[in-house]
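Overview (structure and organization)
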Amino acid sequence: MPINVLMPALSPTMEKGNLAKWLKKEGDAIKSGDVIAEIETDKATMEVEAVDEGVLAKILVAEGTADVPVNELIALIAEEGEDPGSVQAPKGGAEAKTAPVEPKGTPDQNAAPDGAHASYARVDQAPEGAKPSGAAQSAGSGDRVFASPLARRIAKQEGVDLSAVKGSGPHGRVIQRDVQAAIEGGTAKAGAAANPEAKSAPAPEKPAPKAASGGAPAGLSLDQVRGFYEKGSFEEVPLDGMRKTIAKRLTEAMQVAPHFYLTVDCELDALMKLRETLNGSAGKDKDGKPLFKLSVNDFVIKAMGLALTRVPAANAVWAEDRILRFKHAEVGVAVAIDGGLFTPVIRKADQKTLSAISNEMKDFAGRARAKKLKPEEYQGGVTSVSNLGMFGIKHFTAVINPPQSSILAVGAGEKRVVVKDGQPTVAQVMTATLSCDHRVLDGALGAELIAAFKGLIENPMGMLV
């Protein structure tokens, strides 16, 4: 019985991935631990290992295929003693053993959802790249059009007649890009072939977007947005996986997590003096370079980590029907890259020294910009720090990154006139705003957390003991 190879879930929130490259070809022997493919997620390219042995009998999803759903059949492995040439994709009620594939170097929590690899796979429609059966011809012959599930879904959403779309996939199969080309070209709309005169009739106005689940509005459609602007006055930039994920997750965050905001001004004079002293005392490596160079952001990360442990009720996240409270502080830090951002997480930030945090962040930032971070390095966390002070931003509010329960928006430090002992004086001041998930942090608890943060920033020696 052939073994099914499914598109793996490389993170708890992954729904689709791009099959970037096959590292094995049909007929190759497969051993447990062999890297068989490279999968692109919205964040990185991951190697995928086989956990069963056999011969790679059929590749059902060609390399370069985008948006392959998690747990979709992508290949078949012939077991020992089985003829690879006789292996066929399972149909209807046919069953085959399911072979789990593992993302290289990722923890168990990033595996596919429970049961994904324990059940048998049933395939009603062959995946992209599969050879069509004799019955899968065209709609004109009375049989169904041979198309990928993704192409069918897009066609249904956009009202495209698949029988009028020319397929460019293997053996004439209609795939995603064919449907999108038909949409962009204005051809193959449902009913167009049956009623050619309908082309000249004005298109009916699309109804207003229906409410999404939970009552949230779905937003304007592509055609509706285009209609507001003169044709040719704009360029259409397709979304990559990262931007799609950012849009989806942050929209969900604003709809699901009830945000409220707390703002404080923190004086930085003592911190700046301590920073200068510590940087001046840094040892040198063999090349004569300082072993560390602390930034204000390093102090912010450390202060947030200590604040969470000093207000333990705030060191928690929401988990459906309960709250998860943590023993140590995990602080994410937003790192801007082309097309989006990563939020690598400093684990046990409350326990690490400022120099360790500084060096870890330099490493994270470099690998984030090269998209070399591992999923376990940017997933999880209790809170995050988003610092736009370097861009001259004085004050802003940030959107919480689920499943975290808060995020700290840090503005620029600047000279301001403040009142001390009834007299005006000049101090360097930074504005920080904490966005809180009200399901986890009530107003008083959030205020206690940001007050602890402010106290550490203004009395930074407390971070050294």
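Refer to the structure presented above.
This is a predicted model, so every value here is computed, not measured.

**Focus: the packing of helix α6 (residues 296–310) against helix α7 (residues 354–369)**
The N-to-C vectors of α6 and α7 enclose an angle of 115°; their axes lie 9 Å apart at closest approach. The way α6 lies across α7 gives a crossing that is right-handed. For the pair α6 and α7, contact is made by D298, F299, I301 and K302 and by L354, I357, S358 and M361, respectively. Grouping the amino acids of the contact of α6 with α7 by side-chain chemistry returns 5 nonpolar, 1 polar and 2 charged.

**Describing the nonpolar core**
Within the largest apolar cluster, 59 residues are counted, with the highest numbers of intra-cluster contacts made by L408, L449, F453 and I457. Here this core gets 8 residues from one element, more than from any other, and that element is α6. If sequence neighbours within four positions are ignored, F453 has contacts with C266, V300, A303, M304, A307, L408, M430 and A432. In this structure, M14, W22, L56 and V68 belong to the second largest nonpolar core, which totals 24 residues.

**Notes on helix α4 (residues 241–256)**
Side chains three or four residues apart in an α-helix point the same way, a direct result of the helix having 3.6 residues per turn. Under the 1.5 Å per step criterion, the end-to-end length of α4 is 22 Å for 16 residues, consistent within 8% with the ideal 22 Å. Buried within α4 we find M242, I246 and A253. Along α4, the residues classed as buried sweep out an arc of 40° about the axis, all on the same side. Where α4 is buried, its residues contact β11 (259–267), β15 (335–337) and β16 (340–342).

**Focus: the pairing of strand β1 (residues 3–6)**
Because side chains alternate across β1, one face comprises the buried residues I3 and V5, and the other comprises N4 and L6, equally buried. Where β1 meets strand β8 (residues 73–78), 4 bridges bridge the pair, whose relative direction is antiparallel. Looking at β8, one finds that N4 is bridged to L76.

**Brief notes about helix α5 (residues 269–280)**
Compared with the 16 Å implied by 1.5 Å per residue over 12 residues, the 17 Å span of α5 between its first and last C-alpha is a close match. Along α5, the residues classified as buried are L271, L274, L278 and N279. The arc that holds the buried residues of α5, viewed along the axis, is 130°, so those residues lie on one side. Projecting away from the buried face of α5 at angles above 90 degrees are the exposed residues K273, E276, T277 and G280. Buried residues along α5 sit against α6, α7 and α9 (443–458).

**With respect to unusual backbone geometry**
Leaving glycine aside, a negative phi is the common case for residues, and trans is the common case for peptide bonds. A cis geometry characterises the amide bond from P402 onward to P403, with omega recorded as 5°. Among the structural elements, P403 can be located in the loop between β18 (383–387) and β19 (406–420). Not every positive phi belongs to a glycine, and E320 is a case in point at roughly 65°. Mapped onto the fold, E320 is located in the loop between β12 (316–319) and β13 (322–325). Despite not being glycine, D421 shows a phi value in the positive range, around 55°. Secondary-structure assignment places D421 in the loop between β19 and β20 (423–437).

**Describing the pattern of salt bridges**
For the structure shown, the criterion picks out 17 salt bridges. Of the charged contacts in the structure, one is a salt bridge between E377 and R367, with a shortest N-O distance of 2.9 Å. One end of the pair, E377, is in helix α8 (residues 375–378); the other, R367, is in helix α7, with 10 residues separating them in the sequence. The exposure class assigned to E377 is buried, which follows from its relative accessible area of 18%. Since its relative accessible area comes to 21%, R367 is described here as partly exposed. Salt-bridge contacts for K454 lead to E458; the nearest nitrogen and oxygen are separated by 2.9 Å.

Parameters at a glance
Residues numbered from 1 in each chain as written. Predicted model: local features only at pLDDT ≥ 70, side-chain atom pairs only at ≥ 80, totals over all residues. Heavy atoms only, no water. Axes fitted to C-alpha atoms, helices over the stretch in contact; angles between N-to-C directions. Helix = DSSP H or I, 4+ residues; strand = E, 2+ residues; numbered from the N terminus. Left-handed = near helix turned anticlockwise from the far one by under 90°. Contact = heavy atoms within 4.5 Å. Nonpolar A, V, L, I, M, F, W, Y, C, P; charged D, E, K, R; others polar. Core = buried A, V, L, I, M, F, W, Y, C linked by side-chain atoms within 4.5 Å. Buried < 20%, exposed > 50% of the residue type's maximum accessible area, 1.4 Å probe, protein only. Expected span 1.5 Å × (residues − 1). Arc of directions from axis to C-beta. Pairing = 2+ DSSP bridges. Salt bridge = Lys/Arg side-chain N within 4 Å of Asp/Glu carboxyl O.

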